[in-house]
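One-letter residues, chain by chain:
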Amino acid sequence: MQYKSNIDFENIMRMNEIAEVYEMTRQNKKAETYHINIIKLCDRNPKNEKLLQYKIHSLNQLNKPYKSLETTNELLNLNPNSLIALFNIIKFIRETSYV
C-alpha cells in the first residue's frame with residue numbers, strides 16, 4: 001500500500017508541475033483539469049500530510065477557499081505545526097478581511 005501511495009505522490013508532483021506550466025501560458029482550462037485530478041488522487045489517501053498540501057494548493061488554484069480551509073483543518077489535525085496550513089489560514093483571513 002505504501003508503494004501505491006508513492007506512485008500517487010510522484011504523479012501528483014508531475015501533474016502540479018504541468019498545471020503550473022498551463023497557468024503560466026494562460027491555458028486555464030487545462031490547468032483546472034489537472035487540479036481537479038490532483039484533488040481526486042489526494043482523496044484516495046486523506047491521511048497523508050504531503051498529499052493534503054497538494055490538495056490545498058489545488059483547491060486554492062480552483063478558487064475554493066472554504067474547501068481549502070476544511071482541508072487545512074485536516075492537515076492541522078495531522079501536524080499542528082504545519083507551516084503550509086498556517087500560511088493558508090493567513091491567506092484566507094487576508095482575502096476575506098474587509099479592513
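Attention in this report is confined to the structure presented alongside it. Given the structure is predicted, the values throughout are model-derived calculations rather than measurements. (Residues numbered from 1 in each chain as written. Predicted model: local features only at pLDDT ≥ 70, side-chain atom pairs only at ≥ 80, totals over all residues. Heavy atoms only, no water.)

## A closer look at the side chain of histidine 35
Using the following cut-off: Numbered from the N terminus, helices here are DSSP runs of H or I no shorter than four residues, and strands are runs of E no shorter than two. Exposure classes here rest on a 1.4 Å probe applied to the protein chains alone. A residue is buried below 20% of its type maximum, exposed above 50%, and partly exposed in between. It only takes one pair of heavy atoms within 4.5 Å for two residues to be counted as in contact.
Position of histidine 35 among the secondary structure elements: in helix α2 (residues 28–43). By relative accessible area, which is 1% here, histidine 35 ends up buried. The residues contacting histidine 35, other than those within four sequence positions of it, are Asn16, Ala19, Glu23, His57, Ser58, Gln61 and Leu62.

## Topic: the packing of helix α3 (residues 49–61) against helix α4 (residues 65–78)
Applied cut-off: The axes used here are C-alpha line fits, helices contributing only the stretch in contact, and every angle between their N-to-C directions lies in the interval 0 to 180 degrees. Convention used here: angles under 35 degrees read as roughly parallel, angles over 145 as roughly antiparallel, angles from 65 to 115 as roughly perpendicular, and any remaining angle as oblique. When the near helix sits turned anticlockwise from the far one by under a right angle, the crossing is termed left-handed; a clockwise turn instead gives a right-handed crossing. Classes in brief: Ala, Val, Leu, Ile, Met, Phe, Trp, Tyr, Cys and Pro nonpolar; Asp, Glu, Lys and Arg charged; the others, Gly included, polar.
As a packed pair, α3 and α4 sit with axes 9 Å apart at the nearest point and diverge in direction by 165 degrees. What the angle tells us is that α3 and α4 run roughly antiparallel. The two elements α3 and α4 meet at a crossing, and its hand is left-handed. Side by side, α3 and α4 meet where Glu49, Leu52, Gln53, Lys55, Ile56, Leu59 and Asn60 of the first sit next to Lys67, Ser68, Thr71, Thr72, Glu74, Leu75 and Leu78 of the second. Considering only residue class, the contact of α3 with α4 consists of five nonpolar, five polar and four charged.

## Focus: the pattern of salt bridges
Selection criterion: The term salt bridge refers to a side-chain nitrogen of Lys or Arg lying within 4 Å of a carboxyl oxygen of Asp or Glu.
Applying the stated criterion to the full structure yields five salt bridges. Across the salt bridge formed by lysine 55 and aspartate 43, the nearest N and O atoms sit 2.6 Å from each other. With lysine 55 in helix α3 and aspartate 43 in helix α2, this residue pair connects regions lying twelve residues apart in the sequence. A salt bridge links glutamate 70 to lysine 67, with the shortest nitrogen-to-oxygen separation between them at 3.5 Å. Here glutamate 70 pairs with lysine 67, and both are found in helix α4, just three residues apart, close to one helical turn. Where salt bridges share partners, they join Glu10, Arg14 and Glu17 into one cluster.

## Describing a nonpolar patch on the surface
This is how it is decided: In this analysis, a patch consists of residues with relative accessible area above 30% that form no salt bridge, clustered at 9 Å for like charges and at 5 Å for the nonpolar side chains Val, Leu, Ile, Met, Phe, Trp and Tyr. Areas reported here follow the Shrake-Rupley algorithm with a probe of radius 1.4 Å; residue values treat only the protein chains shown as occluding.
On the surface, Leu83, Leu86, Phe87 and Ile90 cluster together into a nonpolar patch covering about 390 Å² of accessible area. Structurally, the position occupied by isoleucine 90 is in helix α5 (residues 83–96).

Any functional reading would require information that these geometric values do not contain.
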